[in-house]
Structure formats: C-alpha cells, structure tokens
Amino acid sequence: QVQLQESGPGLLKPSQTLSLTCTVSGGSITTTVYYWSWIRQPPGKGLEWMGAIAYSGSTHYSPSLKGRTSISRDTSKNQFTLQLSSVTPEDTAVYYCALKMGSLYSGYGTWGQGTQVTVSS
C-alpha cells in the first residue's frame, strides 16, 4: 500500500550539497510509530543507514557521517528530504528511502526503488 519514490540530481561535483526528496503515497508520514529513513549503498559495499525522521518530526542520524546529514519533511506534500553537505567521490552510491514501523530498530518495510548519485569532478 505505502509507496516511496526518490528524486533528485544524479550528478554532483565535490563540495556541493546533495538534496534528495522522498515522496510517499498510500500513507501519511505523520502516522504514529512510523520512521522514515535514508539508506545508501556505495558500489561494492553494504547498506549504510544514514538517518531517519520520525512520525513526530524528531530526527536521528548516523554519527559516521560527521554531521553532514540533515533530514527534514514537508507534511503538506507528504515528503521528506535528505541533505548531505560537502560531498566527495566517496559519497557516490545508490540512495534509498525506506519505512521502518514501530521503532528505529525495526527492520525495513517498504523501500523506494533507489536513485544513483555520482560525485565526480
């Protein structure tokens, strides 16, 4: 029922800020105990959880990203966004948005299809 779709630029240069939007349909991003996450997968590597915004609007981030990550939402559009500042080629990855239901420690439920982001000069 719930569907997620990532959108944003696929190519950036080093030092720029990445901005991706996840559009949600079939459910509200304010629904109680829903957590809306961003995950990425660099080429040849595993999945990395970046952060999430909860149904309440509170945010949670992975400490490994050195404070470069910001997640926000627009409830009127049923969207949440990812901003990753000062990107480098190491940020090249497929970026996904996904839903967790119940807690931040729950497994992922619905996923978006993912979007390729390449950082290159």
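Per-chain numbering applies: the sequence of each chain, read as written, is numbered from 1 onward. Totals for whole chains, interfaces and linings use every residue, but because this is a predicted model, local features are given only for residues with pLDDT of at least 70 and side-chain atom pairs only at 80 or more, for both listing and counting. Computation of side-chain values: all heavy atoms of the structure, hydrogens and water removed.

## Description of the state of the cysteines
Throughout, disulfides are identified as pairs of cysteine sulfur atoms within 2.5 Å of each other. Across all of its chains, the model carries 1 disulfide by this definition. Note that Cys 22 is cross-linked by a disulfide to Cys 97, the S-S spacing being 2.1 Å. As the torsion about the S-S bond is roughly 70 degrees, the Cys 22-Cys 97 disulfide counts as right-handed. Taken together, the positions of Cys 22 in strand S3 (residues 18-25) and Cys 97 in strand S9 (residues 93-101) put the pair 75 residues apart, joining distant regions of the chain. Across the pair, exposure class does not vary: Cys 22 and Cys 97 are buried alike. Each helix corresponds to a stretch of at least 4 residues labelled H or I by DSSP, and each strand to a stretch of at least 2 residues labelled E; elements are numbered beginning at the N terminus. Only protein chains enter the accessibility calculation, which uses a 1.4 Å probe; a residue whose area is less than 20% of its type maximum is buried, one above 50% is exposed, and one in between is partly exposed.

## Section: the pairing of strand S11 (residues 115-119)
Residues Thr 115, Val 117 and Val 119 of S11 are buried on one face, while the alternating residues Gln 116 and Thr 118, pointing to the opposite face, are not. One bridge is not enough; two strands pair if DSSP finds at least two bridges between them. Relative to S11, S9 is paired through 3 bridges, and the arrangement is antiparallel. Considered in S11, the bridge of Ala 93 is made with Val 117.

## Describing the pairing of strand S5 (residues 48-54)
For S5, the buried fraction is high: 5 of the 7 residues fall into the buried class. As defined by bridge partners, strand S4 (residues 34-41) adjoins S5 across 6 bridges and the pair is classed as antiparallel. Within S5, the position partnered with Ser 37 by the bridge is Ala 52. Between S4 and S5, which follow one another and run antiparallel, lie 6 residues, and Gly 44 among them has a positive phi close to 75 degrees. Connecting S5 to the antiparallel partner strand S6 (residues 59-61) that follows it, the hairpin turn spans 4 residues, and Gly 57 within it adopts a positive phi of roughly 100 degrees.

## Focus: the pattern of salt bridges
Pairs can form between side chains of opposite charge once their charged atoms are near each other. When a carboxyl oxygen of Asp or Glu lies within 4 Å of a side-chain nitrogen of Lys or Arg, that pair is called a salt bridge. Using the criterion set out here, one finds 3 salt bridges in the structure. The shortest N-O distance in the salt bridge between Asp 91 and Arg 40 comes to 2.8 Å. Taken together, the positions of Asp 91 in the loop between strand S8 (79-84) and S9 and Arg 40 in strand S4 put the pair 51 residues apart, joining distant regions of the chain. There is no split in this pair, since Asp 91 and Arg 40 are both buried.

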